[in-house]
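Secondary and tertiary structure notes
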Amino acid sequence: MNAETPYKTAKEYVDAVKAKPSSFKMGGTGTAQEDQIITVQLEQALGLKLIYVPFKGGGEVCVNLVGKHVDSTVNNPIECAGHWKANRVRPLAVFDHERLAAKGWGDIPTIKEALGVDIEYLMLRGIFGAPKIPPDAVAFYQEMLKKVYETPEFRDYLEQGALKAAWQTGPEFVKWLEDAEAVHRELMKKGGLLK
(Lines give C-alpha, C1' and ligand atoms only; values in the text may rest on other atoms or scores of the structure.)
Protein backbone atom coordinates (compact mmCIF):
# COMPACT_ATOMS: atom_id res chain seq x y z
CA MET A 1 0.00 0.00 0.00
CA ASN A 2 1.30 3.47 -0.79
CA ALA A 3 2.15 5.06 2.58
CA GLU A 4 0.20 8.21 1.67
CA THR A 5 -3.12 6.36 1.38
CA PRO A 6 -5.56 6.44 4.29
CA TYR A 7 -5.58 2.63 4.61
CA LYS A 8 -3.53 1.59 7.63
CA THR A 9 -4.70 -2.05 7.74
CA ALA A 10 -5.62 -4.77 5.28
CA LYS A 11 -9.21 -4.66 6.57
CA GLU A 12 -9.52 -0.95 5.85
CA TYR A 13 -8.28 -1.52 2.31
CA VAL A 14 -10.55 -4.53 1.71
CA ASP A 15 -13.55 -2.56 2.98
CA ALA A 16 -12.73 0.23 0.51
CA VAL A 17 -12.41 -2.25 -2.38
CA LYS A 18 -15.74 -3.88 -1.46
CA ALA A 19 -17.40 -0.45 -1.42
CA LYS A 20 -16.21 0.28 -4.98
CA PRO A 21 -15.79 -3.02 -6.90
CA SER A 22 -13.50 -2.90 -9.96
CA SER A 23 -12.19 0.53 -8.98
CA PHE A 24 -8.90 -0.50 -7.35
CA LYS A 25 -5.80 -1.68 -9.23
CA MET A 26 -3.62 -4.53 -7.98
CA GLY A 27 -0.14 -4.56 -9.49
CA GLY A 28 1.84 -7.76 -9.93
CA THR A 29 4.54 -9.44 -11.95
CA GLY A 30 3.35 -11.05 -15.18
CA THR A 31 0.06 -12.48 -16.35
CA ALA A 32 -1.36 -15.82 -15.17
CA GLN A 33 1.62 -16.15 -12.81
CA GLU A 34 2.01 -16.14 -9.03
CA ASP A 35 0.98 -12.53 -8.39
CA GLN A 36 -2.20 -12.79 -10.43
CA ILE A 37 -2.99 -16.14 -8.80
CA ILE A 38 -2.62 -14.53 -5.35
CA THR A 39 -4.96 -11.76 -6.52
CA VAL A 40 -7.50 -14.41 -7.58
CA GLN A 41 -7.15 -16.04 -4.15
CA LEU A 42 -7.96 -12.74 -2.46
CA GLU A 43 -10.89 -12.03 -4.75
CA GLN A 44 -12.41 -15.46 -4.21
CA ALA A 45 -11.85 -15.63 -0.45
CA LEU A 46 -13.06 -12.09 0.26
CA GLY A 47 -15.60 -11.43 -2.50
CA LEU A 48 -13.49 -8.69 -4.07
CA LYS A 49 -13.14 -7.46 -7.62
CA LEU A 50 -9.78 -5.87 -8.39
CA ILE A 51 -8.27 -4.71 -11.67
CA TYR A 52 -5.05 -6.71 -12.08
CA VAL A 53 -2.23 -4.77 -13.77
CA PRO A 54 0.78 -6.87 -14.89
CA PHE A 55 4.35 -5.55 -14.92
CA LYS A 56 7.68 -7.05 -16.02
CA GLY A 57 9.15 -7.46 -12.53
CA GLY A 58 8.70 -6.82 -8.84
CA GLY A 59 10.83 -3.68 -8.79
CA GLU A 60 8.65 -2.15 -11.48
CA VAL A 61 5.55 -3.19 -9.54
CA CYS A 62 6.78 -1.40 -6.42
CA VAL A 63 7.78 1.75 -8.32
CA ASN A 64 4.25 1.91 -9.75
CA LEU A 65 2.83 1.61 -6.24
CA VAL A 66 5.06 4.44 -5.03
CA GLY A 67 3.98 6.48 -8.07
CA LYS A 68 0.29 5.75 -7.31
CA HIS A 69 -0.31 4.10 -10.68
CA VAL A 70 -1.71 1.07 -8.81
CA ASP A 71 -3.49 0.96 -5.46
CA SER A 72 -1.92 -2.20 -4.06
CA THR A 73 0.57 -4.90 -4.98
CA VAL A 74 1.61 -8.41 -4.15
CA ASN A 75 5.39 -8.46 -3.89
CA ASN A 76 8.15 -10.57 -2.50
CA PRO A 77 9.37 -8.60 0.52
CA ILE A 78 12.80 -7.78 -0.94
CA GLU A 79 11.23 -6.24 -4.07
CA CYS A 80 9.81 -3.33 -2.10
CA ALA A 81 12.00 -3.28 1.04
CA GLY A 82 13.89 -0.09 0.10
CA HIS A 83 10.67 1.85 -0.42
CA TRP A 84 9.21 0.42 2.80
CA LYS A 85 12.28 1.46 4.81
CA ALA A 86 11.99 4.91 3.23
CA ASN A 87 8.32 5.09 4.37
CA ARG A 88 6.94 5.24 0.83
CA VAL A 89 4.92 2.00 1.09
CA ARG A 90 3.11 0.18 3.88
CA PRO A 91 3.00 -3.63 4.04
CA LEU A 92 -0.44 -4.80 5.18
CA ALA A 93 -0.13 -8.59 5.49
CA VAL A 94 1.92 -11.64 4.54
CA PHE A 95 0.61 -14.67 2.67
CA ASP A 96 1.82 -17.33 5.08
CA HIS A 97 0.38 -19.15 8.08
CA GLU A 98 2.97 -17.47 10.31
CA ARG A 99 4.63 -14.08 10.44
CA LEU A 100 7.97 -13.57 8.73
CA ALA A 101 10.88 -14.54 10.96
CA ALA A 102 13.42 -12.23 9.30
CA LYS A 103 14.61 -9.32 11.42
CA GLY A 104 12.40 -6.26 11.03
CA TRP A 105 9.53 -8.10 9.35
CA GLY A 106 7.81 -9.76 12.32
CA ASP A 107 5.31 -6.95 12.99
CA ILE A 108 3.46 -7.54 9.72
CA PRO A 109 0.37 -9.70 10.36
CA THR A 110 -0.58 -12.76 8.36
CA ILE A 111 -3.62 -12.58 6.09
CA LYS A 112 -5.48 -14.72 8.63
CA GLU A 113 -4.63 -12.32 11.45
CA ALA A 114 -5.45 -9.25 9.35
CA LEU A 115 -8.58 -10.46 7.57
CA GLY A 116 -9.74 -13.63 9.27
CA VAL A 117 -9.33 -15.82 6.18
CA ASP A 118 -6.76 -18.57 5.90
CA ILE A 119 -4.93 -17.69 2.68
CA GLU A 120 -1.32 -18.60 2.19
CA TYR A 121 0.95 -18.67 -0.78
CA LEU A 122 4.48 -19.98 -0.73
CA MET A 123 6.65 -19.02 -3.68
CA LEU A 124 8.51 -21.89 -5.29
CA ARG A 125 12.23 -21.48 -5.56
CA GLY A 126 13.64 -24.77 -6.74
CA ILE A 127 16.23 -26.27 -9.00
CA PHE A 128 15.26 -28.89 -11.54
CA GLY A 129 17.44 -31.29 -13.52
CA ALA A 130 17.06 -32.53 -17.06
CA PRO A 131 14.87 -35.59 -17.72
CA LYS A 132 16.69 -38.90 -17.19
CA ILE A 133 19.56 -37.25 -15.30
CA PRO A 134 21.81 -40.04 -13.96
CA PRO A 135 21.36 -40.84 -10.24
CA ASP A 136 25.02 -40.04 -9.50
CA ALA A 137 24.53 -36.57 -11.03
CA VAL A 138 21.39 -36.05 -8.92
CA ALA A 139 23.34 -37.02 -5.79
CA PHE A 140 26.23 -34.70 -6.74
CA TYR A 141 23.98 -31.67 -7.26
CA GLN A 142 21.90 -32.36 -4.16
CA GLU A 143 25.02 -32.58 -2.02
CA MET A 144 26.57 -29.48 -3.57
CA LEU A 145 23.37 -27.43 -3.25
CA LYS A 146 22.87 -28.56 0.35
CA LYS A 147 26.36 -27.22 1.13
CA VAL A 148 25.45 -23.89 -0.50
CA TYR A 149 22.13 -23.85 1.39
CA GLU A 150 23.99 -24.17 4.69
CA THR A 151 26.56 -21.42 4.06
CA PRO A 152 26.42 -18.19 6.08
CA GLU A 153 26.21 -16.24 2.81
CA PHE A 154 23.06 -18.10 1.71
CA ARG A 155 21.55 -17.74 5.19
CA ASP A 156 22.23 -14.00 4.98
CA TYR A 157 20.58 -13.89 1.54
CA LEU A 158 17.48 -15.56 3.02
CA GLU A 159 17.43 -13.14 5.96
CA GLN A 160 17.89 -10.03 3.81
CA GLY A 161 15.12 -11.12 1.45
CA ALA A 162 12.78 -12.22 4.26
CA LEU A 163 12.66 -15.58 2.49
CA LYS A 164 11.40 -18.71 4.19
CA ALA A 165 13.89 -21.55 4.05
CA ALA A 166 12.78 -25.07 3.16
CA TRP A 167 14.99 -27.90 1.98
CA GLN A 168 13.24 -30.67 0.06
CA THR A 169 14.47 -33.26 -2.42
CA GLY A 170 13.15 -36.39 -4.10
CA PRO A 171 9.64 -37.66 -3.33
CA GLU A 172 9.02 -35.00 -0.65
CA PHE A 173 9.67 -32.20 -3.18
CA VAL A 174 7.66 -33.98 -5.90
CA LYS A 175 4.69 -34.27 -3.50
CA TRP A 176 4.93 -30.57 -2.64
CA LEU A 177 5.00 -29.71 -6.35
CA GLU A 178 2.00 -31.93 -7.11
CA ASP A 179 -0.02 -30.37 -4.30
CA ALA A 180 0.97 -26.86 -5.40
CA GLU A 181 0.07 -27.65 -9.02
CA ALA A 182 -3.41 -28.82 -7.99
CA VAL A 183 -4.01 -25.62 -6.01
CA HIS A 184 -2.73 -23.46 -8.89
CA ARG A 185 -4.82 -25.30 -11.49
CA GLU A 186 -8.01 -24.79 -9.45
CA LEU A 187 -7.30 -21.12 -8.78
CA MET A 188 -6.39 -20.49 -12.42
CA LYS A 189 -9.57 -22.24 -13.57
CA LYS A 190 -11.76 -20.22 -11.20
CA GLY A 191 -9.95 -17.02 -12.17
CA GLY A 192 -10.33 -17.62 -15.92
CA LEU A 193 -6.56 -17.87 -16.39
CA LEU A 194 -6.46 -21.28 -18.10
CA LYS A 195 -6.97 -21.40 -21.83
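Moving on: unusual backbone geometry. For Lys68, which is not a glycine, the phi torsion comes out positive at approximately 65°. Among the secondary structure elements, Lys68 is positioned in the loop between helix 3 (58-66) and strand 3 (72-73). A positive phi angle is found at Lys132, which is not glycine, with a value near 60°. For Lys132, the location among the structural elements is in the loop between helix 5 (111-115) and helix 6 (135-149). Residue Lys132 is classed as exposed on the basis of its relative accessible area, which comes to 83%.

The N-to-C vectors of helix 2 (residues 34-46) and helix 8 (residues 170-190) enclose an angle of 70°; their axes lie 9 Å apart at closest approach. Our classification of the angle between helix 2 and helix 8 gives roughly perpendicular. As helix 2 packs across helix 8, the resulting crossing turns out to be left-handed. Judged by residue contacts, Ile37, Val40, Gln41 and Gln44 of helix 2 engage His184, Leu187, Met188 and Lys190 from helix 8. Broken down by class, the residue content of the contact of helix 2 with helix 8 amounts to four nonpolar, three polar and one charged.

Take the state of the cysteines next. Evaluated as defined, the whole model comprises one disulfide. Sulfur-sulfur distance for the disulfide between Cys62 and Cys80 comes to 1.7 Å. One disulfide, between Cys62 and Cys80, carries an S-S torsion of 65° and so falls in the right-handed class. Taken together, the positions of Cys62 in helix 3 and Cys80 in helix 4 (residues 77-85) put the pair 18 residues apart, joining distant regions of the chain. Under the relative-accessibility criterion, Cys62 is labelled buried at 0%.

Looking now at the packing of aromatic side chains. Under the defined criterion, the tally for this structure stands at nine aromatic pairs. The interplanar angle of 65° and the centroid separation of 5.6 Å between the aromatic rings of Tyr7 and Tyr13 together place this pair among those described as edge-to-face. Residues Tyr13 and Phe24 carry aromatic rings whose centres are separated by 5.6 Å and whose planes lie at 90° to one another, so their mutual orientation is edge-to-face. Here Tyr13, found in helix 1 (residues 10-19), pairs with Phe24, found in the loop between helix 1 and strand 1 (25-29); they are 11 residues apart in sequence, far enough to count as distant. Classification of Phe24 as buried rests on a relative accessible area of 9%.

The rules behind each value
Residues numbered from 1 in each chain as written. Predicted model: local features only at pLDDT ≥ 70, side-chain atom pairs only at ≥ 80, totals over all residues. Heavy atoms only, no water. Helix = DSSP H or I, 4+ residues; strand = E, 2+ residues; numbered from the N terminus. Buried < 20%, exposed > 50% of the residue type's maximum accessible area, 1.4 Å probe, protein only. Axes fitted to C-alpha atoms, helices over the stretch in contact; angles between N-to-C directions. Parallel < 35°, antiparallel > 145°, perpendicular 65-115°, else oblique. Left-handed = near helix turned anticlockwise from the far one by under 90°. Contact = heavy atoms within 4.5 Å. Nonpolar A, V, L, I, M, F, W, Y, C, P; charged D, E, K, R; others polar. Disulfide = S-S within 2.5 Å. Phe/Tyr/Trp six-rings, centres within 6.5 Å; stacked < 30°, edge-to-face > 60°.

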